[in-house]
Amino acid sequence: MSARDGLLLWCKKKTAGYNNVKVQNFSDSWQDGLAFCALIHVHRPDLIDFDSLKKENALENLQLAFNVAEKELDIPQLLDAADMVNFRPDDKSVMTYVAYYWKRFASSRKAEQSAKKIAKISKRERELRDMEHDYERRATAWKQWSENAIAE
C-alpha cells in the first residue's frame, strides 16, 4: 500500500460513522469541511461540536477546522477555505495538509500508549509492594503463633 493509500484509509477509518462525511479522495471529499472537522472531533471531541455543523455551511466548517487545527493542534493552515469552496481542491495540497493531522494524532497516540504502559508498570509495582507487606504481616503473625505454640 502506498503512503497516499494508507493515509486515505486512515482518514476513512477515523471519519467512518460521521453524518455527511464520506472520504473517498483528497479533493472534493474535503470541500465542505466536515471531513476535517470529523478528523479533529474523533481525536479531540472537546474542540468541535460536530453535531452542530451543517453541510451547506462549507466555508464556516472549513474555517472552523483550519482555525482549531492551527490554534489548538499546532497544524499550520496550508489551505484557504474560500479556495476550497470555490474551486476543486488540489489533491496533493489536501493530502499534504491531512498528513499534518496524521502526524499530530499519531504522535499523541504514542504518548498516550506510553502513559498507559507507565501506569500499568506503576500499578504492578504497587501490587508487588502490597504483596510484600502482606507477606511480612503474615510471616510476623506466623512467627508469633509458632513462638506461642512452642511456649505452651
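Just so it is clear, the structure is predicted and the values come from calculations on it, not from any experiment.

This part is about the packing of aromatic side chains. Going through the model one piece at a time under the given rule, you end up with 9 aromatic pairs. When the ring of Phe36 is compared with that of Phe66, the centres are 5.4 Å apart and the planes differ by 65 degrees; the resulting orientation is edge-to-face. Pair noted here: Phe36 is in helix 2 (residues 34–43) and Phe66 is in helix 3 (residues 58–73), with a separation of 30 residues, a long-range link. What makes Phe36 buried here is its relative accessible area of 0%. Plain terms: the ring middles of Tyr101 and Phe105 are 6.4 Å apart, the flat faces sit at 50 degrees to each other, and that makes the pair tilted. A residue pair is termed a helical-turn pair when its members lie 3 or 4 positions apart in one helix, as Tyr101 and Phe105 do in helix 5 (residues 91–151) at 4 residues. With a relative accessible area of 0%, Tyr101 lands in the buried category. Judged by its relative accessible area of 4%, Phe105 is buried. Cluster of aromatic residues (ring-pair linked, three or more members): Phe26, Trp30, Phe36, Phe66, Tyr97, Tyr101 and Phe105.

The next point concerns the pattern of salt bridges. One pass over the structure, following the stated rule, counts 6 salt bridges. Of the charged contacts in the structure, one is a salt bridge between Lys55 and Asp32, with a shortest N-O distance of 2.6 Å. Here Lys55 is found in the loop between helix 2 and helix 3, whereas its partner Asp32 is found in the loop between helix 1 (3–15) and helix 2, with 23 residues between them in sequence. A residue is classified by how much of its surface remains accessible, and Lys55, at 42% relative accessible area, is partly exposed.

The subject of this paragraph is the side chain of Thr15. Inspection of the secondary structure assignment puts Thr15 in helix 1. A polar side-chain atom of Thr15 sits 2.7 Å from the main-chain carbonyl oxygen of Cys11. Excluding its chain neighbours within four sequence positions, the residues that come into contact with Thr15 are Val21, Val23, Ala35, Ala38 and Leu39.

With that out of the way, let us pick up the side chain of Ser27. Here Ser27 shows up in the loop between helix 1 and helix 2. Of note is the side chain of Ser27, whose polar atom sits 3.4 Å from the side chain of Asp28. Excluding its chain neighbours within four sequence positions, the residues that come into contact with Ser27 are Arg88, Pro89 and Asp91.

Moving on: the nonpolar core. Counting residues in each nonpolar core, the largest one holds 35 residues, and the members touching the most others are Trp30, Phe36, Ile40, Val98 and Tyr101. Those elements giving two or more residues to this core turn out to be helix 1, helix 2, helix 3, helix 4 (81–86) and helix 5. Ranked by residue count, the leading element in this core is helix 2, at 7 residues.

Rules and cut-offs
Residues numbered from 1 in each chain as written. Predicted model: local features only at pLDDT ≥ 70, side-chain atom pairs only at ≥ 80, totals over all residues. Heavy atoms only, no water. Phe/Tyr/Trp six-rings, centres within 6.5 Å; stacked < 30°, edge-to-face > 60°. Helix = DSSP H or I, 4+ residues; strand = E, 2+ residues; numbered from the N terminus. Buried < 20%, exposed > 50% of the residue type's maximum accessible area, 1.4 Å probe, protein only. Salt bridge = Lys/Arg side-chain N within 4 Å of Asp/Glu carboxyl O. Polar contact = N/O pair within 3.5 Å; in protein donor to acceptor, adjacent residues only side chain to side chain. Contact = heavy atoms within 4.5 Å. Core = buried A, V, L, I, M, F, W, Y, C linked by side-chain atoms within 4.5 Å.

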